[in-house]
Number of protein chains: 2
Amino acid sequence: MNKTRQNIIQKSIELFNEQGVVNVRIRDIADALAISTGNLTYHYKTKQDLMHSVYRYMIKTLEEMSIGNQLMMPGRGALHVVRGYLEYITKFRFFYQDTLEIIRAYPELAKSHHQQVEQEKAIIKNLLYRAIGKGEIKGEAFPGLYDSLAHSIWMTLHFWLTQQAIRGEAEDKLEKGLLMIANLIYPYATEQGVGVFLKMQGELTH
Amino acid sequence: MNKTRQNIIQKSIELFNEQGVVNVRIRDIADALAISTGNLTYHYKTKQDLMHSVYRYMIKTLEEMSIGNQLMMPGRGALHVVRGYLEYITKFRFFYQDTLEIIRAYPELAKSHHQQVEQEKAIIKNLLYRAIGKGEIKGEAFPGLYDSLAHSIWMTLHFWLTQQAIRGEAEDKLEKGLLMIANLIYPYATEQGVGVFLKMQGELTH
DNA sequence: GTCTATAGAGTGATAGAC
DNA sequence: GTCTATCACTCTATAGAC
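Below is a short write-up of the structure. Each chain carries its own residue numbering, running from 1 in the direction its sequence is written. Numbering of ligands from 1 and lettering of chains from A proceed in the order in which they are written. Local features are withheld for residues below a pLDDT of 70 in this predicted model, meaning they are given only at 70 or higher, and side-chain atom pairs are given and counted only at 80 or more; totals for whole chains, interfaces and linings count all residues. The side-chain quantities take in all heavy atoms of the structure and omit both hydrogens and water.

## What to know about the relation of the copies chain B and chain A
Part 1 of the argument: In the superposition of chain B on chain A (RMSD 0.0 Å, axial shift 0.0 Å), the rotation amounts to 180°. On this basis, the relationship between the two copies can be described by a two-fold rotation axis. For chain B, the residue whose C-alpha comes nearest the rotation axis is proline 187 of chain B, separated from it by 3.0 Å.
Part 2 of the argument: Both copies share a contact surface, since 100% of the interface residues of chain B are interface residues in chain A too. Only residues with pLDDT of at least 70 in both copies contribute their C-alpha atoms to the least-squares superposition of the copies. Residues count as neighbours in contact if any of their non-hydrogen atoms are within 4.5 Å of one another.

## Some thoughts on the protein's contact with DNA strand C
Part 1 of the argument: Throughout, the term near means that a residue has one or more heavy atoms lying within 4 Å of the molecule or strand in question. What surrounds DNA strand C is a group of 16 residues, the closest being Arg25, Thr41 and Lys47 of chain A together with Ser36 and His43 of chain B.
Part 2 of the argument: The sugar-phosphate portion of DNA strand C accounts for 70% of its atoms within 4 Å of the protein, the bases making up the rest.
Part 3 of the argument: Between arginine 25 of chain A and DNA strand C, the recorded distance is 2.3 Å, taken from a side-chain N or O atom to a phosphate oxygen.
Part 4 of the argument: The term polar contact refers here to a pair of N or O atoms within 3.5 Å; inside protein, the definition further demands a hydrogen-donor-capable atom paired with an acceptor-capable atom, and it admits residues adjacent in sequence only when both atoms are side-chain atoms. Within the backbone of serine 36 of chain B, one N or O atom sits 2.8 Å away from a phosphate oxygen of DNA strand C.

## Considering the pattern of salt bridges
Part 1 of the argument: Salt bridges are defined as contacts in which a side-chain nitrogen from Lys or Arg sits within 4 Å of a carboxyl oxygen from Asp or Glu. Inspection of the entire model under this criterion finds 19 salt bridges over all chains.
Part 2 of the argument: Salt-bridge contacts for lysine 134 of chain A lead to glutamate 136 of chain A; the nearest nitrogen and oxygen are separated by 3.9 Å.
Part 3 of the argument: Residue burial is assigned from relative accessible area. The probe radius is 1.4 Å, only protein chains are included, and a residue is buried under 20% of its type maximum, exposed over 50%, and partly exposed in between. On the accessibility criterion, lysine 134 of chain A (45% relative accessible area) is partly exposed.
Part 4 of the argument: Arginine 167 of chain A is paired through a salt bridge with glutamate 118 of chain B; the nearest N and O atoms lie 3.8 Å apart. With arginine 167 of chain A in helix H10 (residues 145-167) and glutamate 118 of chain B in helix H9 (residues 108-133), this residue pair bridges two chains. Put simply, DSSP H or I for four residues or longer makes a helix, DSSP E for two residues or longer makes a strand, and each gets a number counted from the N terminus.

Purely geometric stuff here, so don't read any function into it on its own.
What follows is the structure, given as C-alpha cells:
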C-alpha cells in the first residue's frame, strides 16, 4: 500500500470521527489532504471501496492489539483488556457511533461485523470465567446469568461513546466507562474480589 | 391538525422505522400516501418542519402513556413500567436507532432530547429507590452504585433495538430485553425480592 | 388543498490532458 | 499518479395552474 492510499485511509478515519460517515464527502477528504478528487477516486474507485478499506484497516488494528494474547498474559488484569477496548473504540468511534447507518449503506460489512460482535462477546465471557477460576467472582447463580452479564458489558463498551454523544457529554471520560463496567461486575465479586474491585475503584475515581 | 397532516406524520414514522430517517425521501412519503410532493411540502414546508412535528408527536405520545402516573399506581410493578418503555421504543424505533444521526441533522432536537434522557434516568432511579423502600432490593452498598445501575438500565432500554439490528437479530424479542434488565437488578435483590425475581423470570422465559 | 413541472443545490464518478 | 473540468444523478423546495 503506497503513501497516498495510507494518507487517504488515515484522513478518512479522522474526518469520519469528527463529522460522521455520511457527512464526509469524497471532496472533503481530498481537500483535507490537498489532493484532487480525481486523484482520490483513482486510488479508491468508489466510496464503497474506500469504506471497505477503512474497515479492513480497523480489523487489522484490532488484531494487532491482539486482545487474545493479552488475555493469556499473566499479571495483566481484565481491566487492562477492557481499557484497551475502550481506547480502540475511541480511535474508530465513527464506526461505533454510526454502526447501523454504515451497515445499512454497506451491507457487505454487516456479516463481517456480526462475527466481530460474537468474538467480542466470547472474549468477555472468557474473562468472566477466568475471574471465576481465580476466585475473584462467584460461580454462576443460574444458567444464563453470566451470558446476560457479558451481553451487558458488551453493550456498555459498544455504545459508550454513542450515549456520550447523545447526552451531549464531553468525550474525555474513558474512566467513567470503565467504572460503569466495574460496577456491573461488582455485585458478583467474592470477598477476595471485593478487595480488587475497591482498589480499582480508587484508581478510577482519582 | 387535519387528516392529511395526520396521515403524513403516521406514514413518516412507518417509513422511518422501516428504512431509517435519511433513507426516506419526501417523495417516498408522498408516494406511499398517494399524494403529490407538492401537496406534502404545502403541509410541511421543509423536511426539518416534518421532523419537528414527528418529534412533538413522539413526546406527546410518551406523555399520554404518563409513565409518571403508572408509577403511582399501586399493584403495578416496575416490570410493567419497563415493558411500557420498551413498547414505546419499538413504536418509535427510528428515533432510538438513529438518534445521533437525527440530532446531528436537526440540532434543535438535541437539547430537547437531553432533557428527555435525564427524565428517563430520573424515573429509573425513582423506581430503584421505591424498590428499596419495598424491601425488594438492598440498600446502596456505596454512593453512586445505583446511579451507575440506573445508567446501565437506561442504556439497555435506549440501545436495545439498535444492538438487535447491529447483531442481525429479529426484532421480536421484547422479553429478552426485559430479562436482561431484570438480570441487571437481580444481584441486588433481597431474599424477599429474589422470589419476585424468579417469578418474573419464569414468566419471561415461557 | 392538491396537482404537475421544474428549478436549484449537492455529490459521486468519469474523461482526458499532463 | 495527479490534475481540471464536467457529466449524471438524487433530492429538496418552489412556481403556478386547477
